[in-house]
Amino acid sequence: MAEDNKLSKPASELRFDLVSKDWIVIATGRAKRLDEFAKQTRQKEEALEEKCPFCHLETQGKPTLEYKDKDGNLEVVVIPNKFPAFSHAESLRERAEGPYSLMDGVGFHEVVITRDHRKSLAELPLALMRRVIDAYQERYLEFVNEKFVNYVAIFHNHGKEAGASISHPHSQIIAVPLIDPDLQRSLNGSRMFFENQGECVHCKMLEWDMEEKSRIIFENKEFVVLAPFASRVAFETRIYPKEHHPYFERIKDKEKDSLAEAMNVALGKIFKGMNDPAYNFFVHTAPADGKDYNHYHWHFEILPKTSTWAGFELGAGIEISTIEPEKAAEYLRNIN
Ligand SMILES: [Zn+2]
Ligand SMILES: [Zn+2]
Ligand SMILES: [Zn+2]
């Protein structure tokens, strides 16, 4: 028996996330074959163009940004969200009601739309992906100069299971006075590591991962696409600049070309390898509240929704993923 135990693989492996300080469970015994992801059937309720608000921009607010191609066709347009979670105001009222604190939902909420109703970001040509990144940066830089904006969130929901209520491809940008708790944890973890070890935790992980290679999915001169060591969900994917940069909005033109390629490859591999799953992606970047964030290293996080095999959270707050990040990376690496 003892001999058997030595040979058999444990049902799961616990992995420590250096930044969030969470323990993640990789439960390999429960995994299905990877290529089954590609065969998953998905129910697609395609909303028709006729009824799509983003195909009928005349029904929407005045664009805050428009990119057109040389023939004058719209490529990317940014509009205010018709049902904003935050709205612009000249003052920010804070108050208390007994033990409770309240604050006005002051800020900005915009939508970044690509023209083609049926082409998701994963299917966009490289040049258009680049325009989307231009739009993210341009609006970001606009918002950080506004009063009461301490943090700008850029995110994209693809597919109903990921919370996209309108099927026309669109990203959202929210600029708010608060820093979101998920980013706050990431910032705190990075700061603690920096104070204790004197270096950036993300650079440290990148250095190891790029040397070790098993979790690398793709890399070009400036960016690396990888499956994080402590992946929270199956096929979690991140995109990091190889050099240490705290602020996404300071990205240079040439780096944007490389980022567009990295995004294009990452989303394309997920699209093909997993039969167009729903996913969320977002940017983690240093806030714009004037504090020092030199310890931080901005990045994109892509979290596919693998409904059937999604990790679940225990009461203890431990997340379980059923795919080893090394296997996910190998699988995605080989998708062309
Ligand atoms: Zn549409
Ligand atoms: Zn770094
Ligand atoms: Zn992050």
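Data block above holds the structure.
This part covers the overall build of the protein. If you tally the helices and strands in the protein, you get 7 helices and 15 strands. Over its C-alpha trace the protein gives a radius of gyration of 21 Å, about what one expects of a compact globule, namely 20 Å for 336 residues. Each principal axis of the C-alpha distribution contributes one length, and for the protein these read about 70 × 50 × 45 Å. Per-residue burial for the protein yields a buried fraction of 49% across its 336 residues. Long-range contacts, defined here as pairs at least 24 residues apart, represent 68% of the contacts in the protein between residues at least 6 apart. Of the roughly 17200 Å² that the protein leaves accessible, carbon and sulfur atoms contribute 52%. A distance of 2 Å separates the average location of the 44 positive side-chain charges in the protein from that of its 54 negative side-chain charges.

Right, let's get into the coordination of the zinc ion (ligand 3). Only H284 (ND1), H299 (NE2) and E301 (OE) from the protein coordinate the zinc ion (ligand 3), and they sit 1.8 to 2.0 Å from it. Within one chain, the residues serving as donors to the zinc ion (ligand 3) are arranged as H-x14-H-x1-E. Placement of H284 in strand β13 (residues 278-284) and of H299 in strand β14 (residues 299-305) is noted, with a sequence separation of 15 residues between them. Accessibility expressed as a relative area gives 3% for H284, which makes it buried. According to the relative accessible area criterion, H299 is buried, its value standing at 1%.

Given a rise of 1.5 Å per residue, 21 residues ought to cover 30 Å, and the 30 Å separating the end C-alpha atoms of helix α6 (residues 253-273) matches this to within 8%. At the C-terminal side of α6, N275 shows a positive phi close to 55°.

The next subject is helix α5 (residues 201-212). Turn by turn, an α-helix covers 3.6 residues, leaving residues three or four places apart pointing in a common direction. Taking 1.5 Å of rise per residue, the 12 residues of α5 would be expected to cover 16 Å, and the 16 Å separating its terminal C-alpha atoms lies within 8% of that figure. Within α5, the full set of buried residues consists of V201, H202, L206 and D209. Angular distribution of buried residues about the axis of α5 spans 130°; they occupy a single face of the element. Of the exposed residues in α5, the ones pointing more than 90 degrees away from its buried face are E207, W208 and E211. Contacts made by the buried residues of α5 are with α4 (181-197), β10 (216-219), β11 (223-226), β12 (237-241) and β14.

This next bit is on the packing of aromatic side chains. For any pair of aromatic rings, the description rests on two quantities: the centre-to-centre distance and the angle between the ring planes. Taken as a whole and assessed by the stated rule, the structure comprises 10 aromatic pairs. Members of the aromatic cluster, connected to one another through ring pairs, are Y140, F223, F248, Y279, F281, W298 and F300. The positively charged end of R139 is found above the aromatic ring belonging to F143, 5.0 Å away from the centroid. Its guanidinium or amino end placed over the ring of Y247, R250 lies 3.9 Å from that ring's centre, counting from NZ or CZ.

Protein coordination at the zinc ion (ligand 2): the donors are C200 (SG), C203 (SG), H244 (ND1) and H297 (ND1), at 2.1 to 2.3 Å from the metal. Here the zinc ion (ligand 2) binds 4 donor atoms, and the angle range of 104 to 113° at the metal identifies the geometry as tetrahedral. Each donor residue of the zinc ion (ligand 2) belongs to the same chain, and together they define the spacing C-x2-C-x40-H-x52-H. Taken together, the residues H244 in the loop between β12 and α6 and H297 in the loop between β13 and β14 connect sequence positions 53 residues apart.

With respect to the secondary-structure elements, M263 resides in helix α6. Aside from chain neighbours lying at most four places away, what touches M263 is M129, I133, I239, G268, F281 and F300.

A few words on the pairing of strand β4 (residues 74-80). With 6 of 7 residues buried, β4 is to be regarded as a mostly interior element. Bridge count for strand β3 (residues 65-68) against β4 is 4 bridges, and the pairing is antiparallel. Bridge pairing in β4 places K68 opposite L74. A loop of 5 residues connects β3 with β4, the two strands running antiparallel in sequence, and G72 in this loop sits at a positive phi of about 85°.

Pairing in this open sheet of 10 strands is antiparallel, and the strands run β3-β4-β7-β9-β8-β13-β14-β12-β11-β10 from one edge to the other. The two strands at the open ends of the sheet, each matched to only one other strand, are β3 and β10. Strand after strand, the sheet turns through a mean of 15° between neighbouring axes, direction not considered. As judged from the 5 bridges shared by β4 and strand β7 (residues 108-114), these two strands associate in the antiparallel manner. Note on β7: the bridge partner recorded for P80 is E110. Contacts from helix α3 (residues 126-143) reach β3, β4, β7, β8 (151-158), β9 (170-176), β13 and β14 within the one sheet, and its direction differs from that of β4 by about 30°. Each of β10 and β12 is contacted by helix α7 (residues 325-333), which is oriented at about 45° to β10, the strand it contacts most.

Reading guide: rules and limits
Residues numbered from 1 in each chain as written. Chains lettered and ligands numbered in written order. Predicted model: local features only at pLDDT ≥ 70, side-chain atom pairs only at ≥ 80, totals over all residues. Heavy atoms only, no water. Helix = DSSP H or I, 4+ residues; strand = E, 2+ residues; numbered from the N terminus. Rg over C-alpha atoms; globule rule 2.2 N^0.38 Å. Buried < 20%, exposed > 50% of the residue type's maximum accessible area, 1.4 Å probe, protein only. Contact = heavy atoms within 4.5 Å. Areas by Shrake-Rupley, 256 points an atom, 1.4 Å probe, with all protein chains shown as cover. Lys, Arg positive; Asp, Glu negative; His and termini not counted. Charge placed at Lys NZ, Arg CZ, Asp CG, Glu CD. Donors = N, O, S within 2.8 Å, 3.2 Å for Na, K, Ca; no water. Expected span 1.5 Å × (residues − 1). Arc of directions from axis to C-beta. Phe/Tyr/Trp six-rings, centres within 6.5 Å; stacked < 30°, edge-to-face > 60°. Lys NZ or Arg CZ within 6 Å of the ring centre and 35° of its normal. Tetrahedral: all angles 85-135°; square planar, octahedral: opposite > 155°, others 65-115°. Pairing = 2+ DSSP bridges. Axes fitted to C-alpha atoms, helices over the stretch in contact; angles between N-to-C directions.

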